Amino acid sequence: SMSAPAYEGEVRLGVPHDIVGPYLPPILKRFDQAWPRVRVSLDCTTTPQLLERLQQGRIDLTLTTEQKCRAGGEILLEDDLVWTGAANGTAHNRDPLPLSIGNTDCEFRPCILKVLRDSGRDWRPVCEVSNMEALFASIDADLSVGAFLRGTIPHYLREVTDARLPKMPKFLINMYLPVARQGEIAVE
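Residues numbered from 1 in each chain as written. Predicted model: local features only at pLDDT ≥ 70, side-chain atom pairs only at ≥ 80, totals over all residues. Heavy atoms only, no water.

Caption draft 1: Inspection of helix H3 (residues 109-119) at higher detail. Buried within H3 are the following residues: Arg109, Cys111, Ile112, Leu113, Val115 and Leu116. If you follow the buried residues of H3, they end up packed against strand E4 (74-86), strand E5 (97-101), strand E6 (123-128), strand E7 (146-149) and strand E9 (170-176). (Buried < 20%, exposed > 50% of the residue type's maximum accessible area, 1.4 Å probe, protein only. Helix = DSSP H or I, 4+ residues; strand = E, 2+ residues; numbered from the N terminus. Contact = heavy atoms within 4.5 Å.)

What follows is the structure in structure tokens.
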């Protein structure tokens, strides 16, 4: 630690809503131990908005959830997008399928709607927001099902396996720095 630079300042980190709770606490803890004088400011929203904010210089680096990694990005993790429902829930058996899904900026939304359309499964919206608490509450109440990365499913919900629910693709958690103006702390 005597040879490491004594960084001070702030790093603005963008993170999609769905991966903040499951993945960020240990990362933030390690970063704080290594760089206690650096303030981490979190900006939590959807992947498209985070990439735009990165390009505009409003954040210093961002994590994303995407099906592919764009030029300049680094793949951190690959995970399956899976159907999720209440423990012992029955919402997945209803027709049309009651669905809680992110708003129009949600990176998962087009993929979910495509697999449902391609499989011929009718669905109806129950909750359409990019607020994880609202989505989880509607699913926990067994009003609907949703789709999340397997590693982000809260302990009180369950992965739903049902032959009538179409298989969904894998997604990546990627990390991006801005193309220009990379801050020393963000690079670290």
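Caption draft 2: Expanded view of the pattern of salt bridges. Under the counting rule described, the total for this entry stands at 14 salt bridges. Between Arg39 and Glu10 there is a salt bridge, with the nearest N and O atoms lying 3.4 Å from each other. With Arg39 in strand E2 (residues 38-45) and Glu10 in strand E1 (residues 9-16), this pair connects stretches of sequence that are 29 residues apart. Here Arg12 and Asp60 are joined by a salt bridge, their closest N and O atoms 2.9 Å apart. In this pair, Arg12 sits in strand E1 while Asp60 sits in the loop between helix H2 (47-56) and strand E3 (61-66), placing the two residues 48 residues apart along the sequence. Within this structure, Glu78, Asp80, Arg150, Glu159 and Lys170 form a network of salt bridges that share partners. (Salt bridge = Lys/Arg side-chain N within 4 Å of Asp/Glu carboxyl O.)

Caption draft 3: Structural view of the nonpolar core. Counting residues in each nonpolar core, the largest one holds 33 residues, and the members touching the most others are Val11, Leu81, Trp83, Leu99, Phe108, Ile112 and Met168. In terms of nonpolar packing, the next biggest core, distinct from the first, is built from nine residues, Val82, Leu135, Phe148 and Ile153 among them. (Core = buried A, V, L, I, M, F, W, Y, C linked by side-chain atoms within 4.5 Å.)

Caption draft 4: Expanded view of the environment of Ile19. Among the structural elements, Ile19 can be located in helix H1 (residues 17-34). Filtering out sequence-adjacent residues up to four positions away, Ile19 remains in contact with Leu24, Leu63, Thr65, Leu149, Thr152 and Ile173.

Caption draft 5: Just unusual backbone geometry, in detail. For the peptide bond that leads from Asp95 to Pro96, omega is -5°, which places it in the cis range. Summarising the element assignment, Pro96 is placed in the loop between E4 and E5. The phi torsion at Asn88 lies on the positive side, around 60°, for a residue other than glycine. In this structure, Asn88 sits in the loop between E4 and E5. For Asn88, a relative accessible area of 79% puts it in the exposed group. The backbone of Asp142 shows a phi angle near 60°, a positive value even though the residue is not glycine. Its location among the elements puts Asp142 in the loop between helix H4 (132-140) and E7.

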